[in-house]
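Read off the chains here:
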Amino acid sequence: MIVPQAHRLDNVKEYYFSKKLEEIRNMNSKGMDVINLGIGNPDLSPSQETIKALHDSSQQSKNHGYQSYRGIPALREAMARWYMRFYGVTLDPVSEILPLIGSKEGIMHISMAFLNPGDEVLVPNPGYPTYTSVSELVGARIRTYELDEDQSWSINLDQLKRDDLSRVKIMWINFPNMPTGARGSKSLFKELIALARQHKFLIVNDNPYSLILNDDPQSLLSMPGAEEVSLEMNSLSKSHNMAGWRMGWVSGRKDYIDTILKCKSNVDSGMFLPIQHAAIEAMKNPSSWHQEQNQAYVSRRNLSWQLLDQLGCTYDRSQTGLFIWAKIPASEPDLKTFVDKILMEAKVFITPGFIFGSKGARHVRISLCNKEAVITEALERIKRHITHIKVEEL
Ligand SMILES: Cc1ncc(COP(=O)(O)O)c(C=O)c1O
C-alpha cells in the first residue's frame, strides 16, 4: 500500500468469519459443497406480518427519505412494550431507548461515546470478538476477565473484587452468553452493579439471545440501582430471524442515551422507514410464534448433540442461545488441526473456540442455524470421513 493504514488498526485483524467465509466460498467454487455449521445467521423466516409490513410500507413513495436519528416514536414505543412483555422492565420510549442499525454498531457508538485512549475496558474471555476489536480501535486498554468452565462459565466475582478496577470505564457482559450458552442470574447482576457503582464504570449487557432456548429471559435493567451504571443492547437479529435487517437498540438512562446519540447522529442518517414499520410488527409476534422457532431449535440441537458425540466432544445440555459450546476430546492435540481436519475431510465447518479468546482453546461452537436435513447430512459425512477420533473420555 502506498498509503499506510492508521496506527489504530495495528492490532486489529479482519473479522475471522470474513476471512473464513471467503475460504469456504473458494472451496465451494471448486465444487466441494461445504456445510457451514459455524455462523449464527438465522435461516428461518421473520413472521409473515413483519414481511407484509415491510412490503406495504415500501409501496408508499413518502417512506423513502431520511429518517430521524432516534427512530420514529412508534418504534421506540414498540421496543418499550417489548421490554415490559419479556423482562417486566419499564423504559421511557421518549428518552431511554435508542434504535441501532443492529446491536453490533452499538458497541462502537458506546465505546466512542465513553472511552478515552488509555481507559480500561473489561471484556469476557471467551467472548464476542467485537468488544475487543472496537476497544482497540478507540485506543482503550483491554483487560479480559475469565469465564471458567469449572464455574459453569460464570464470572469469577471474587477475582474481580480483588482486581484494581480504578481505571475501568466499561465492562462488557453478555448474558445469555455467546459462545458458552451460560445464563446470567439476578445475584450475579446485583454484584456486578454494586462493583460498577463502587468503581464508577459503565456495565453494558449485550442481550440478543434471551428468547432462544431460554425459558427465563432476564434484563440487567430490571435490577435495582442498574440505571445509574448500566446500559443494555438488544436486537431482532436472532430472536426474530431478522439478522440482515439490522435492527437493534440500546436502552438506559436519558443522559447516557443522549451521549451515545452525539456519536451516532454524526455517523448515520436514520433507518429505512419500512424497516422500522416492519420491526414494530415483528415485536408483536405472539408467544406461539416464538415457541415455534424454539421447537425447531430443539430438534436441531438434538441432532447437533449427536454430531458432537460422534466427534467425541463433551458439552453441557443446559446451555441456552443459538449455539452449542463443546469441548474437544483430550486425545486431540490441537484445536485448529481438529477443525481443519473436519473441514477438509468431511467438508463441514465448525467454529474453533480460540476466536473467542484463549479460554476457547479447547472448544468448538456449533450454530443451530441449519435445517435438520443439513445437520443430518453433516453428521453422516462426519461418520463417513472422521473415523480416527478417539472418544475415550465419553
Ligand atoms: C454476542 C453478540 N452480540 C452482538 C451481535 C450482533 O448482533 P446484531 O445483528 O444485532 O448486530 C452478535 C452477533 O453474532 C453476538 O453474537
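Residues numbered from 1 in each chain as written. Predicted model: local features only at pLDDT ≥ 70, side-chain atom pairs only at ≥ 80, totals over all residues. Heavy atoms only, no water.

Visitor: What should I look at first to understand the UniProt feature "domain: Aminotransferase class I/classII large" (unreviewed entry) in the protein in this one?
Guide: Per the UniProt record, "domain: Aminotransferase class I/classII large" (unreviewed entry) is found at residues 33–382. Taken as a whole, residues 33–382 contains 40% helix and 17% strand, while its terminal C-alpha atoms sit 14 Å from one another. (UniProt positions renumbered as here; feature names shortened; annotations may be inferred. Helix = DSSP H or I, 4+ residues; strand = E, 2+ residues; numbered from the N terminus.)

Visitor: Would you take a moment to explain the site of the ligand for this structure?
Guide: In the vicinity of the ligand there are 14 residues, among which Asp206, Tyr209, Ser235, Ser237 and Arg246 approach most closely. At 2.5 Å, a side-chain N or O of Asp206 approaches a nitrogen atom of the ligand. A distance of 2.9 Å separates an oxygen atom of the ligand from a polar side-chain atom of Lys238. Against a free-state accessible area of 400 Å², the protein chains account for coverage of 91% of the ligand. Counted by class, the shell around the ligand contains five nonpolar, five polar and four charged residues. (Near = heavy atom within 4 Å. Polar contact = N/O pair within 3.5 Å; in protein donor to acceptor, adjacent residues only side chain to side chain. Areas by Shrake-Rupley, 256 points an atom, 1.4 Å probe, with all protein chains shown as cover. Nonpolar A, V, L, I, M, F, W, Y, C, P; charged D, E, K, R; others polar.)

Visitor: Sorry, what's going on with the domain arrangement of the protein here?
Guide: Reports of interface size often rely on the accessible area that becomes lost once the parts have come together. As assigned here, the protein comprises domain 1 (7–45 + 287–393) and domain 2 (62–282). On a C-alpha basis, the centroid separation for the pair domain 1 and domain 2 is 26 Å. If you look at the interface, domain 1 gives 35 residues, while domain 2 gives 35 residues. When domain 1 packs against domain 2, the two sides together hide about 2800 Å² of surface, and 56% of this comes from carbon and sulfur. Contact with domain 2 buries area across many residues of domain 1, yet Thr320, Phe356 and Lys359 alone supply 24% of it, more than any other trio. (Domains from an automatic or database assignment. Contact = heavy atoms within 4.5 Å. Buried area = accessible area lost by both parts, 1.4 Å probe.)

Visitor: What is the right way to read the nonpolar core from this model?
Guide: As a rule of thumb, soluble globular proteins bury nonpolar side chains together. Among the nonpolar cores identified, the biggest contains 93 residues, and Ile110, Ile155, Met171, Trp172, Ile173 and Val364 are the most heavily contacted of them. The two domains that each donate at least three residues to this core are domain 1 (7–45 + 287–393) and domain 2 (62–282). Excluding residues that lie within four positions of it along the chain, Ile110 makes contacts with Ile170, Trp172, Val204, Leu231, Met233, Val250 and Ile260. In terms of nonpolar packing, the next biggest core, distinct from the first, is built from 28 residues, Tyr87, Trp245, Ala278 and Ala282 among them. (Core = buried A, V, L, I, M, F, W, Y, C linked by side-chain atoms within 4.5 Å. Buried < 20%, exposed > 50% of the residue type's maximum accessible area, 1.4 Å probe, protein only.)

Visitor: How should the packing of aromatic side chains be read in this particular structure?
Guide: Two aromatic rings are characterised by how far apart their centres lie and by the angle between their planes. Tallied over the full model, the rule gives 14 aromatic pairs. On the numbers, 5.9 Å between centres and 75° between planes, the contact of Trp82 with Tyr87 is edge-to-face. A relative accessible area of 1% places Trp82 in the buried class. Residue Tyr87 is classed as buried on the basis of its relative accessible area, which comes to 10%. Here the aromatic cluster, defined as three or more aromatic residues joined through ring pairs, consists of Trp82, Tyr83, Phe86, Tyr87 and Trp249. Over the aromatic face of Tyr256 sits the side chain of Arg253, whose NZ or CZ is 5.5 Å from the ring centroid. Over the face of the ring belonging to Trp305 we find Arg317, whose NZ or CZ atom lies 4.2 Å from the ring centre. (Phe/Tyr/Trp six-rings, centres within 6.5 Å; stacked < 30°, edge-to-face > 60°. Lys NZ or Arg CZ within 6 Å of the ring centre and 35° of its normal.)

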